[in-house]
Structures are given as structure tokens and as C-alpha cells.
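Commentary on secondary and tertiary structure
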Amino acid sequence: MARPLLTTKLYVPRARPGRVERLRLLEHLDAGTAARLTLLSAPPGFGKTTLLAEWTRSGSGPLKGVAWVSLDAGDNDPGSFWAYVVAALEAVVPGLRAVGGELAATGQTPGPEAITTLLNGLADASGEVWLVLDDYHLVENREVTDGVRFLLENLPPQVHVLISTRVDPDLPLSRWRGRGELVELRAADLRFTRAEAAEYLREATGLELAAGDVDALGDRTEGWIAALQLAALSLRGRQDVTGFIQRFAGDDRYIVDYLMDEVLAHQPQDLREFLLRTAVLDRLSGPLCDAVTGVDGGSDTLARLDRANLFVVALDDQLVWFRYHHLFADVLRARLLAERPAEVPLLHRRASLWHGTNGSIDDAIRHALAAGDLDHAGELIEAALPEARRDRRDAAVIGWLRALPADTIGRSPVLTTFQGWAALVAGDLDAMEAHLDHAEDLLASVRPGSRPPWPVTDELRTLPATISMYRASLAQARGDLPGVVRHARGVLDAAGPDDHFWRGAASGFLALAAWSEGDITTAVEMFTTAVASLHSAGALVDALSSTALLAEMWTVAGRPDRASDLCHRALAAAEALGPGAARASADLHVVLAELDLDAGATQSADRHLAQAQPLADREPNSESRYRWFVAAARLAEAGGDHGTAITLLDEAEGHYRPGYYPIVRPITALRARVWIDSGDLVRAADWLAASGVTLSDQVDYLREYEHLTLVRLVLAANLPGTDRDEVIDLLHRLEAAAAGSGRGGSLVEIRELLAFLKDRSAVGESGVSAEQPTDALTERELQVLRLLDSELSGPEIARRLFVSHNTLRTHTRHIFTKLDVATRRAAVAQARARGLL
């Protein structure tokens, strides 16, 4: 959601009267030209922001290359954070928005592709560029911090980042320190020396303080700049300076409280009232302050505070938006709570109403919650849900719901339904069902024809369809296919003709039910309709994510070419849409990686997984993360690293949550295949005993992968008690089921295994045994050899033979060994010389 006054983040603080020229620190900052990161890390009140501002405006600093972003707690939203970063950089790298503008889509979550595009734009900058992130400790969102890490790891050499923070950021500081890529300034560096303290106090107070007085203040504050600033304010107009300093003693824990009492006590009553009442605000403007205090003249008062250097920081060039110095704000809030605790909720309520009216719904919700006005907060959240769902701001919605008490949620059928969705995300299916039951009970409590006691919104109107949609997902997660179909049809019954989102969801669930039953022809048809409906609903992110799933269905249907085409076109659309489609981009990259693995293109698969990984790292409960680990395990197995493959599958299992999609490749069977491939047949046999799969089972699509894994184990281990005819019978039954349901992808593996059995049978029936020459080619190898003598590529040969590319490479390796050659051309020539072709 858009936040007002974008430019309020981008203003470099102005130099202040009484500042101390700290050449030793300015020279230290200059060393950042050889580093990727300059870090100012110290507790509040150590002058980090002031030092950076002085450096940017001094002869030492690069005057024209600084992009400054002042952060606050509201910048935990990834879209807002990157929007401010791009806007700041645009000021020093003209034209950057044209290549990095997708990051500036406020309210969206960026992906690695978008940040990479920004980096490419920065690489074209003609001079040194410095990005200052001030008050970085206020950013706690993992999506933001991961994005900053990615940015720092890939910075062009002429671009540098300066971070000012109260706590060390979650970045690989030790590694960069060891490489000489980190410049650091910490509290010990930032403390005023005695000489600097004397110069500051003289400039700030206009007094020539005795050396002993300066030393006393320096000792008691330990060079803490904020305390010295407060002391200087308290010294103004005092006659008994030495007496004040002598009384300024005691435990450092009480210094700030003592000085704030002194500062506030010397302010006019109207200004003191203004300071206390506006302490609840993170950012201040004249109109907002007027609404909160109930008194006009807020803009004039802010200008008055700014001129008096009374702990306000201007956030824009027009001097419209300000914030209090964080330490000052903390003490003001503590004083407000101590003096007027009953007034605090009223002030937050007024702030909430102003923000709600002026389009900042996130701030409106936050202040309503702080006011304890839970019903109003709930109404604001309900109003924000449609846009938040459309933009896939899942983390924000879950955070809002967590902030509300259970009884507030329980009075609203809309909030109760979305609480059920949150339970699904967490994997708690029983809790989800209970919430949906309660939501339906609330709706049923309203007599027909009477007005409901809740806000009458489109969300309430379509709630029966929403509940049915979530019940379909619950049935899907539990493997209840009849329930999926029943509830999906219930969605269609409840939705209107123009309710495209719900109609698309219903079609999607009907497609998933068909897929679970193995009817891939119906699944592809229905899911294509679902994606089109989501597009009509404007749910573009959902439509693009669903395209990744549609591509998987086409793969099952034996059309990897169609799947690849869909993914590439959708990926281009996702990148054009911007950072809000990052999750869809990651899903598409994972599917493309799987397609590459099927074709033997491991390097391309690795590239796709690398681009999807940042999302996997910051989405602990997402389907994307589970699928990423599965694909990464397949890549490790293809490279022969079976141990890593098992570790990645274990990781995938830990992130799996029952949800919308059928699991056609269980993790346990994937592990068994790795063990078979590595020769660990004992563990593979243990899997078989635990799985309960037998050769005589009825064929069922959701167990097809396990049955084919069983056949692979039988062939690899020559398991006792297994009959060759039983194996062939199972494969023929699986083949018939796959052919009848349009599952061309399944047929590839089934026919590969049948061909292998045929080769083995041909050797046995011809009487050729251990005495067979080691260089004799099998019938299957001869088939491969004939196709090698053609213009077909490796993947095309694999598709012609209905085998995987990995299997083709195994056959090719055997051929090269038997013919004593190292290349395809040499193999064909040798075969012709021997009369094999």
C-alpha cells in the first residue's frame, strides 16, 4: 500500500550550529572508498547521523554522489524500503529509475532479479556512488535484510554502502573484515575526546567553561554526545555553572531522565504540551500534529523546534515532515506515560483516524492497536484485506491478525476466516477447520433479511465463497479428493459471474483433484481456465505463481517443451510486474530448474536455483522453499553428491506443510532413489519395508512414483522373492493407466524400465551369460548408437527413446567404454568399422 510523502526519507540532515569538526573520524570515513561497506555501529546518542551528514557536506565527502535514506520502523515493508532506496539513488544516478524502477513499486516484495537489475544500472554510474542507510537497526524484516545482503555481495566497485545502526546488522562482517572490505566506526571511536567535548560545549553554550568543569562532564558522560547535548541545553542561562555540573553526578542510568526533567522544565507550557502529546508519533507533520494535539499551529511549532535545535530532525527539504531524535522521543514517551497514562490511548486514536483518512493504512492500524481500539483496528484490517491479498502481503496480514486478541477476531466472520487461512499457512489443519466452522456459525446467526452487525463489504458478501475455497484447500491437504470437488463446486455456487478470483480458485481446485486422480488431461484444461480467471480478477501474482504449477502439469503430460515456454513467458511478465511478483518468479525458476534437470542441463538448472534461493531463505513456511530444496537435491544427485542430496531432502521435509498441491513425489521415495543410485541398497530396502508398497498393489497415481521406485530397487538389488513377471505386470498396469489419462511424462520412465527388462531378458533367453565378451553392445545400446549417428541432440535422443537424459548418458558412457572411444563422432566411426552401423 502506498505511503505518503516518499521524499521524506531522502533528505540529508543539515549541519547544525555548534558542531565539532572531527577530522580524525572524517578521514576514517574516507577510507570507505576501498570497501564495500562502512559501518557506524554504536548505542543511541553517539552522533552517528550527525557525523555522516557532516562527512557528506565536507571537502572530504563526495558531495555529488551521496544517496541518503533515513529509516524508521515502518520501513520493515520490503516494497517501501526499496522504493526509498531507488528514489535516493535516482538523485545521484540520473536515469536509474528506468532500469531499477521495478524496485520502487511501493508495497511489493522485491526478488533477486529486480535487485540485480538495480545493480546493473549502478554499474553504469560514471563516478563514485555512496548509499547511506541511517538508523538501519529499525529494519528487522528478513526479506529486507536478505535483499541488502544480496546488494552488498554484488556491488559494482564504484558503489559503496554506509550503514548507521545501534546494533550490528545480520551481515557477514567477519568475512568482509578479513578481506579488507569493511570500514568500522564504533562507540569507542565516536565518543568525544576531552578536546572535542570542550569545543562542543563552548560552541553550544556560548560559555568559556573551566577545564575542570569540562573534564567533569566528560568523565560523567564518558564522551556520550547525547548527554553532552542535553547538558549544554540545561546550562543555558544558568549562573552557577560549576554548581550545576557538580550536582550532575550519580549512576549513568539516571543521567537522561535527570536532564530531560531539566530541559522540559525550562520550556514554555505550550511547547511542553506539544512535545508530550506528539511523542506517540514516529513522524510529525503540521496537520498530523494538529489532529493529535487538538490545537492548530503544528507547522509553526515544528519550525520553532527546528530553529531551537530541540531534538528534531528534518525529513525533507520543504521542512514538512520531521521526527524526534530517537533518544529524545523515548524519554518523552516515558514522561507521557508517567504523567498522563490515560491520555495515551486518545492520542493514538487520533493518529489512527488521521492516517486512515490520509491513506496510510499501515500507520492507521498500528496506532489503533496501540490505542487498544481493537474493534476499530479490526475494521481497518478488514478494509485492507482485499488489497493485501491481491498484492500477496501475507506477512503483513499474519502480523495484523497476531496483534488482535482472539475474542476480537472471533466476533468477525471475515477475520475468523482469515485466521483459518493463517492456520493453514502454519500447517495446523485442525485449527483451520475450527476457525472456518466458527465463521460459518457467525454468518448463520444473522436472520435472513436483517442487517448483519459487521461492516457490509465485498469481502463479507463473498465470504461464503471464501470459506468454501479454504475448505477445498483443507480437503486437499488431507487427501480428501471428494471433499475437494464438493467444496470447489460450492465456491462456484456461492460466487457471482463477475467474482473471477473465486471462480478461478474453484477451477484450480477441480484441476488439482483431477491431477491427484491422475487425469492430467482434465487437470490441464481446468487449470488453464483457473489461470485465465485469476488474470481477469487482477490477481496477477497468483496467476503467475499458478502458471508454474500449470507448467508442472504439462510436464506430467509429457510436454516439457510447452511447460518451458509457459515458464519463460510468465517469468518475463513477472519481471515486468516488479518486486511484488518475486515469489512467482522464484516458483518459475524452480520449475525451469526441474525441466533442465530432466534434460540433463545441470548448469542451467544451477543458475535457476541460484536466482530462486533468496526467496527460499526468507520464506520459512512457503511451498516455494520446499520445492527449492527438492530441486536442489536432484541437482546434487545428478552431480554424484549423494550425501548433500540426502541433506537437502531432509531440509525439504522440515519445510513441508500440507497445502494446496498433491505430493506426487514423496520425500521418502526421493530419498530411496538417492540410496539406490549411490548403491546403499540396505537403506533403500528399509524404505520399502516402511512404505508398504508391493508389486501386486492396485495402481494409483499418487503412489505411482513409489511403485516405480520399487521397480528400480528390484532391478538394482535382485531382491529375493521377486518375480520378473510380477515386475513386468506392474509396469504394464502402470503403463495402461498413464496412457489412458494422458500422462506422457509417466510413460517415459515406465517404458524406460520395460526396455531395461527387455534387454536383460534378451541376454538370458539367448543363453549369453558371464562368458559374453565385455565389449558386446546390448540391444538398447545399439538403439542409442544408431541415434548417435544422426543430427539429434542428447535431449532429443532421450525423448525419442522415452528415457531420461541421465539414463541416456549412462548408455553413452557404456558404449564409449566398450568401443574404447571418448567422443560421439569416434563412437560412430568405430561402430562403422566394426560393421555395427
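In this report, the structure presented in the accompanying data block is examined. (Residues numbered from 1 in each chain as written. Predicted model: local features only at pLDDT ≥ 70, side-chain atom pairs only at ≥ 80, totals over all residues. Heavy atoms only, no water.)

This part is about the pairing of strand S4 (residues 159-165). Of all seven residues in S4, seven are buried; the element is thus mostly enclosed. On S4, burial covers both faces: Val159, Val161, Ile163 and Thr165 on one face and His160, Leu162 and Ser164 on the other are all buried. Once the chain exits strand S3 (residues 129-134) it traverses helix H6 (residues 142-153) before rejoining the sheet at S4, and the crossover so formed is right-handed. (Buried < 20%, exposed > 50% of the residue type's maximum accessible area, 1.4 Å probe, protein only. Helix = DSSP H or I, 4+ residues; strand = E, 2+ residues; numbered from the N terminus. Right-handed = clockwise from strand over helix to strand, strands pointing away.)

With that settled, consider the side chain of Glu706. Position of Glu706 relative to the elements: it lies in helix H38 (residues 704-717). Residue classification places Glu706 among the buried residues on the basis of a relative accessible area of 9%. Apart from residues lying up to four places away in sequence, Glu706 is in contact with Pro666, Ala669, Trp687, Ser691 and Val693. (Contact = heavy atoms within 4.5 Å.)

A complete count under the given rule lists 53 salt bridges for this structure. As a salt-bridge pair, Arg671 and Glu653 come within 2.5 Å of each other at their nearest N and O atoms. With Arg671 in helix H36 (residues 667-678) and Glu653 in helix H35 (residues 642-655), the pair connects residues that are 18 residues apart, well separated along the chain. The exposure class of Arg671 is buried, given its relative accessible area of 11%. A salt bridge links Arg712 to Glu749; the shortest N-O distance between them is 3.0 Å. Residue Arg712 is found in helix H38, and its partner Glu749 is found in helix H40 (residues 744-765); the two are separated by 37 residues along the sequence. Residue class for Arg712 comes out partly exposed when judged on its relative accessible area of 26%. (Salt bridge = Lys/Arg side-chain N within 4 Å of Asp/Glu carboxyl O.)

Moving on to the packing of helix H19 (residues 361-371) against helix H20 (residues 374-390). Helix packing geometry: the angle between the two helix axes and the distance between the axes. In the contact formed by H19 and H20, the axes pass within 8 Å of each other and the chain directions differ by 160°. With respect to their mutual orientation, H19 and H20 come out roughly antiparallel. Crossing handedness for the pair H19 and H20: left-handed. Contacts between H19 and H20 involve Ile361, Ala364, Ile365, Ala368 and Leu369 from the former and Leu374, His376, Ala377, Leu380, Ile381 and Ala384 from the latter. Residue classes in the contact of H19 with H20 are distributed as 10 nonpolar, one polar and no charged. (Axes fitted to C-alpha atoms, helices over the stretch in contact; angles between N-to-C directions. Parallel < 35°, antiparallel > 145°, perpendicular 65-115°, else oblique. Left-handed = near helix turned anticlockwise from the far one by under 90°. Nonpolar A, V, L, I, M, F, W, Y, C, P; charged D, E, K, R; others polar.)

To continue, consider unusual backbone geometry. Of note, the phi angle at Asp135 is positive, near 60°, even though the residue is not glycine. Within the secondary structure layout, Asp135 lies in the loop between S3 and H6. Despite not being glycine, Leu319 has its phi angle at roughly 55°, a positive value. With respect to the element layout, Leu319 can be found in the loop between strand S6 (312-314) and strand S7 (322-324). Take Leu319: its relative accessible area is 36%, and that puts it in the partly exposed class.

Any link to function would need more than the numbers given here.
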